[in-house]
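Listed here are the chains, written in short residue letters.
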Amino acid sequence: MKQLLLIRHGKSDWDFPGRSDHDRPLNDRGERDAPKVAAALQQRGARPDRIVTSTAMRARTTAAMIAEEMSFAPEGIIEVND
């Protein structure tokens, strides 16, 4: 049976007021938590066929960190414009 997992991006950094919303990076907590989310998914037996992400920096970074933790090829990440 197919499953759809929706994962929100990690916590983003608001320390750069001139930066657009699209260009906001993850903050320290976001960078720390993304691999934990991947580990929890693996413990539950989740194995993605593909990862689809927004082109927003915080979403792309979260997707890449989860993919790396799960040994998922980065070429399998599909970016979709907002």
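Residues numbered from 1 in each chain as written. Predicted model: local features only at pLDDT ≥ 70, side-chain atom pairs only at ≥ 80, totals over all residues. Heavy atoms only, no water.

Caption draft 1: Representation of helix 1 (residues 28-43) within the structure. Between the first and last C-alpha of helix 1 there are 24 Å, a value that for 16 residues agrees with the 22 Å anticipated at 1.5 Å per step. Among all positions in helix 1, only Gly30, Ala34, Ala38 and Leu41 are buried. Two or three places before Arg29, at the opening of helix 1, Asn27 has a side-chain oxygen 3.0 Å from that residue's backbone nitrogen. Taken from the residues just after helix 1, Gly45 is the one with a positive phi, measuring 85°. (Helix = DSSP H or I, 4+ residues; strand = E, 2+ residues; numbered from the N terminus. Expected span 1.5 Å × (residues − 1). Buried < 20%, exposed > 50% of the residue type's maximum accessible area, 1.4 Å probe, protein only. Polar contact = N/O pair within 3.5 Å; in protein donor to acceptor, adjacent residues only side chain to side chain.)

Caption draft 2: Structural detail: the packing of helix 1 against helix 2 (residues 57-69). Here helix 1 crosses helix 2 at 45°, and the two axes come no closer than 8 Å. Put simply, helix 1 runs oblique to helix 2. Like other packed secondary-structure pairs, helix 1 and helix 2 cross with a definite hand, here right-handed. Contacts from Glu31, Ala34, Pro35, Val37, Ala38, Ala39 and Gln42 in helix 1 reach Thr62, Met65, Ile66 and Glu69 in helix 2. (Axes fitted to C-alpha atoms, helices over the stretch in contact; angles between N-to-C directions. Parallel < 35°, antiparallel > 145°, perpendicular 65-115°, else oblique. Left-handed = near helix turned anticlockwise from the far one by under 90°. Contact = heavy atoms within 4.5 Å.)

Caption draft 3: Highlighting the layout of surface pockets. Volume-wise, the largest pocket comes out at about 700 Å³. Taken together, 24 residues form the lining of the largest pocket, with Leu5, Pro48, Arg50, Ile51 and Val52 sitting closest to its centre. Those elements giving two or more residues to the lining of the largest pocket turn out to be strand 1 (51-54) and helix 2. A per-class count over the lining of the largest pocket returns 13 nonpolar, six polar and five charged. (1 Å grid on protein atoms, 1.4 Å probe; cavity = no way out; pocket = protein on both sides within 12 Å on 5 of 7 lines; lining within 4 Å. Points joined across faces, edges and corners; volume = space filled by probe spheres on them. Nonpolar A, V, L, I, M, F, W, Y, C, P; charged D, E, K, R; others polar.)

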